[in-house]
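Here are the chains, one letter per residue:
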Amino acid sequence: MEKPADLTPEQLAKPLRTADLPGLMAAIAPTLAECVAAQLKPLRARILELEKGGGVRYEGVWQAPRSYSRGAWVTFDGGVFHCNADSTRDKPGSSSAWTLAIKSGVR
């Protein structure tokens, strides 16, 4: 199959033949691979960042004297909270250091 730059308008107007498909795929494969790699790059970086924490770290029931770091999960007042701060001793639900992930079933 000729390169697209070498084709005339008349040739470009003709329907694609099945026999031309392997050549077409070989011609566009490098461009598609670059596009996919560029789209995956930030996702790979994010996955690596998430995996640094070693997965879910459930640290039990929240305890006042303890300090908790980003990524910790605790239970408090019937709910489950995720720590967003680099370090905090705040009570879950009392500051932006914690996010309620699972609400208590008590009404």
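Residues numbered from 1 in each chain as written. Predicted model: local features only at pLDDT ≥ 70, side-chain atom pairs only at ≥ 80, totals over all residues. Heavy atoms only, no water.

Draft legend 1. Expanded view of the sheet that holds strand β1 (residues 57–61). Pairing within the open sheet is mixed, and its 4 strands lie in the order β1-β2-β3-β4. The open sheet terminates on both sides in strands that have one partner only, identified here as β1 and β4 (98–102). Sheet twist, expressed as the mean angle between neighbouring strand axes with direction ignored, is 30 degrees. Here β1 pairs with strand β2 (residues 72–76) via 3 bridges, running parallel. (Pairing = 2+ DSSP bridges. Helix = DSSP H or I, 4+ residues; strand = E, 2+ residues; numbered from the N terminus. Axes fitted to C-alpha atoms, helices over the stretch in contact; angles between N-to-C directions.)

Draft legend 2. Region of the structure containing the packing of aromatic side chains. For the structure shown, the criterion picks out 3 aromatic pairs. Measuring from centroid to centroid gives 5.4 Å for Trp62 and Phe76, while their planes differ by 85 degrees, and the two rings are edge-to-face. Highlighted residues: Trp62 in the loop between β1 and β2 and Phe76 in strand β2, separated in sequence by 14 residues. Judged by its relative accessible area of 22%, Phe76 is partly exposed. When the centroid spacing of 6.4 Å and the interplanar angle of 65 degrees are considered together, the rings of Phe76 and Phe81 count as edge-to-face. Pairwise contacts between aromatic rings join Trp62, Phe76 and Phe81 into one cluster. (Phe/Tyr/Trp six-rings, centres within 6.5 Å; stacked < 30°, edge-to-face > 60°. Buried < 20%, exposed > 50% of the residue type's maximum accessible area, 1.4 Å probe, protein only.)

From the geometry alone we can't say anything about function, so treat these as descriptive.
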